[in-house]
Amino acid sequence: MNKSGKIGVLLVNLGTPDSTATGDVRKYLREFLMDGRVIDIPYVNRWMLINFIIAPFRAPKSAHEYRKLWTDRGSPLLFHTEDLKDRLIEKLDAKQYKVAIAMRYQTPSIEAGLEELRKAHVTKIIVLPLFPQYASASTGSVQDKVMEIARGWQIIPDISFISNFIEHPLFLEAWAERGRAMLDGKEYDKILFSYHGLPERQILKGSVDGYCQLGACCNKYGAKNHYCYRAQCFQTTRLICEKLGIPEDKAVNCFQSRLGKDPWVKPYTDEVITELSAQGVKKVLAFSPAFVADCLETTVEVAGEYRDKFLELGGEEWDLVPSLNSENTWVECVKAMVLEHSGTN
Ligand SMILES: C=CC1=C(C)c2cc3[nH]c(cc4nc(cc5[nH]c(cc1n2)c(C)c5CCC(=O)O)C(CCC(=O)O)=C4C)c(C)c3C=C
Ligand SMILES: [Fe+2]
Ligand SMILES: [Fe+2]
C-alpha cells in the first residue's frame, strides 16, 4: 500500500432485473424509469407514466424479452461486469487497489459497492460508469447517485469520475480487434453502428450557448460538443472505422430503443434498416459500441429483432460484433484508465 492508503475502484453498469419474473422486471423498470435523469418530465407525470403504462403493459413484454437473454449465470450485463472485475483485479496491485462493482439500478447497488470500498479504508475512489459516451441519463445518473450517497458520509475521500472515454486508444483497439475477427475473410455491403437512443431534448438541454442543434454540428467533434451524445457516437464510429480502414461511405450510424412518442436522436435503426434494404443492401455487419457488455440491447434487439427485420426485407446476412465483455484489451483499457486517474503511472 502506498503511504496515502488504498485506492478504491467502482465499476458501475446500468442494471438489470434480479430475475425474469414479471414482478422483478417491473421493480427494475420502476427504479430505472423513475430516475428523473432518464425520464426527464415532471415528477407527477413520470409517476403516472410508470404506474399506469410501464408497470402494467411494458413490464410483462420486457420480461418476455429478458427470458430470451437469460443464461445459467443470469443476466449477461451483470456476469460480464463481474468477469471484468475479476480480470481487472488480476492486473492491479492488490496492496494498492480494492475493486468493487455496482449497478445503477437494482443489485448490487451503488450503496453496497461504496460501502465495500469504505470498509477497505480507501482514501481515494475512482468511479468508472461503464458507458463510453457521456449522457445525463447514464454517466450523469451514476455521478449523481454517488454524490448523493457520499453526501451522507462524515468523511468524504477524494472521488473522481471517469467519463466519456470514446477516444481512449485501448478502447478503440478493443473494438477494432473485435471487428477484425468478424471481417477476416468476409465482405459486407455496409457496416452499421447502432447506438442506444436518447430523447433529443436531453441533448438540447445540455447544449451550451445553443451550440448543439442535432444537425450537421454533430459531424464535427470538439470542445464545444464534447458532451453531446450524438456527436460522441459519430466520433466513436469515425475512430473505429479509421482503425479498421472502413471507408466513410460504408459506415452507417443509427440509434435504437426509443421509448414513448417524443423525438429521439436520429436516424432510427429500424428506419435505416428499411432504407438499406430498399437500396439493395444484402450483407450487414453491426457494431453496438454504446455498450461494453452484451445485454438485452445487443443480444435480443440488434442480433435478434433487427436481424429478423433485415432478413424479412430480403437481406441475406446480418452479423453482430460481440461486445467487449471481459476481453483482454478492454481489461487493459480499464486498467490504463484507472492508473491514469490514480496519478501513479
Ligand atoms: C448506453 C447507455 C444507455 C443510455 C444512454 C440509456 C438511456 C435510456 N434507456 C431508456 C430505457 C430503457 N433502457 C433499457 C435497457 C438498457 N439500457 C442500457 C443503457 C442505456 N440506456 C442498457 C445497457 C440496457 C440493457 C440492460 C440489460 O439488462 O440488459 C430498458 C429495459 C429493457 C426494455 O424494457 O426494453 C429500458 C426501458 C431510456 C428511457 C433512456 C434515456 C432517456
Ligand atoms: Fe436504456
Ligand atoms: Fe451535437
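Quantities reported herein were computed from a predicted structural model and do not represent experimental measurements.

Trainee: An account of the overall build of the protein is requested, with residue identities and associated values reported.
Mentor: Helices and strands together make up the secondary structure of the protein, namely eleven helices and eight strands. For the protein, the C-alpha radius of gyration of 20 Å lies close to 20 Å, the compact-globule estimate for 345 residues. Taken over the C-alpha atoms alone, the protein extends approximately 65 × 50 × 50 Å along its principal axes. Buried positions account for 42% of the 345 residues belonging to the protein.

Trainee: Any details on the pairing of strand β8 (residues 317-320)? Residues and values, ideally.
Mentor: Only one face of β8 is covered, namely the face carrying Trp318 and Leu320; the face carrying Glu317 and Asp319 is uncovered. As paired strands, strand β7 (residues 283-287) and β8 are joined by four bridges and run parallel to one another. Looking at the pairing, Lys283 lines up with Glu317 of β8. In this view, the connection linking β7 to its parallel neighbour β8 by way of helix α10 (residues 296-312) has right-handed handedness.

Trainee: How would you sum up the site of ligand 1? Please name residues and give values.
Mentor: The local shell around ligand 1 holds 22 residues, among which Thr16, Ser62, Ala135, Cys295 and Leu296 are the closest. Split by domain, the shell around ligand 1 shows at least three residues from each of two domains, domain 1 (7-165 + 327-342) and domain 2 (169-320).

Trainee: Help me get a handle on the sheet that holds strand β2 (residues 97-105), residues and values and all.
Mentor: The four strands are arranged β2-β1-β3-β4 in an open sheet whose pairing can be described as parallel. The open sheet terminates on both sides in strands that have one partner only, identified here as β2 and β4 (158-161). The mean angle between the axes of side-by-side strands here comes to 20°, regardless of whether they run parallel or antiparallel. Examined bridge by bridge, strand β1 (residues 7-15) and strand β3 (residues 124-129) share six bridges and lie parallel to one another. Looking across to β3, one finds that Leu10 is bridged to Val127. This element, helix α3 (residues 76-91), spans β1 and β2 of the sheet and lies at about 165° to β2. This element, helix α4 (residues 110-119), spans β1, β2 and β3 of the sheet and lies at about 170° to β2.

Trainee: Describe the nonpolar core, naming the residues involved and giving the relevant values.
Mentor: With 98 residues, the main nonpolar core has Val9, Leu10, Val12, Leu128 and Ala286 as its most contacted residues. If you tally residues by element for this core, the top one is β2, at seven residues. When residues of this core are assigned to domains, at least three fall in each of domain 1 (7-165 + 327-342) and domain 2 (169-320).

Trainee: Could you give an account of the sheet that holds β7, naming the residues involved and the relevant values?
Mentor: On the basis of which strands lie adjacent, the open sheet formed by four strands has the order β6-β5-β7-β8 and parallel pairing. Of all strands in the sheet, those with a lone pairing partner are β6 (251-256) and β8, marking the two edges. The mean angle between the axes of side-by-side strands here comes to 25°, regardless of whether they run parallel or antiparallel. Across six bridges, the pairing between strand β5 (residues 190-196) and β6 is parallel. Bridge assignment links Ser194 to a residue of β6, and that residue is Cys254. This element, α10, spans β5, β6, β7 and β8 of the sheet and lies at about 170° to β8.

Trainee: An account of the UniProt feature "binding site: Fe(2+)" (unreviewed entry) in the protein is requested, with residue identities and associated values reported.
Mentor: Here the UniProt-annotated "binding site: Fe(2+)" (unreviewed entry) positions come out as His196 and Glu297. These residues run over 102 residues, yet every pair of their C-alpha atoms falls within 7.8 Å of each other. Mapped onto the fold, His196 is located in strand β5. With 25 C-beta atoms packed within 10 Å, His196 lands in the buried category. With respect to the helices and strands, the residue Glu297 is situated in helix α10. With 22 C-beta atoms counted inside 10 Å, the residue Glu297 sits in the buried group. In contact with Glu297, other than residues within four places in its own chain, are His196, Gln256, Ser257, Ser288, Phe291 and Val302.

Trainee: Help me get a handle on α3, residues and values and all.
Mentor: The end-to-end C-alpha distance of α3, which contains 16 residues, comes to 22 Å, matching closely the 22 Å that a straight helix rising 1.5 Å per residue would cover. For α3, every residue scored as buried is listed here: Pro76, Leu77, Leu78, His80, Thr81, Leu84 and Leu88. Looking at the packing, one finds that the buried side of α3 touches β1, α2 (43-69), β2, α10 and α11 (328-342).

Conventions adopted
- Residues numbered from 1 in each chain as written.
- Chains lettered and ligands numbered in written order.
- Predicted model: local features only at pLDDT ≥ 70, side-chain atom pairs only at ≥ 80, totals over all residues.
- Helix = DSSP H or I, 4+ residues; strand = E, 2+ residues; numbered from the N terminus.
- Rg over C-alpha atoms; globule rule 2.2 N^0.38 Å.
- Buried ≥ 20, exposed ≤ 12 C-beta atoms within 10 Å, placed from the backbone.
- Pairing = 2+ DSSP bridges.
- Right-handed = clockwise from strand over helix to strand, strands pointing away.
- Near = placed C-beta within 6 Å.
- Domains from an automatic or database assignment.
- Axes fitted to C-alpha atoms, helices over the stretch in contact; angles between N-to-C directions.
- Contact = placed C-beta atoms within 7 Å.
- Core = buried A, V, L, I, M, F, W, Y, C linked by C-beta atoms within 7 Å.
- UniProt positions renumbered as here; feature names shortened; annotations may be inferred.
- Expected span 1.5 Å × (residues − 1).

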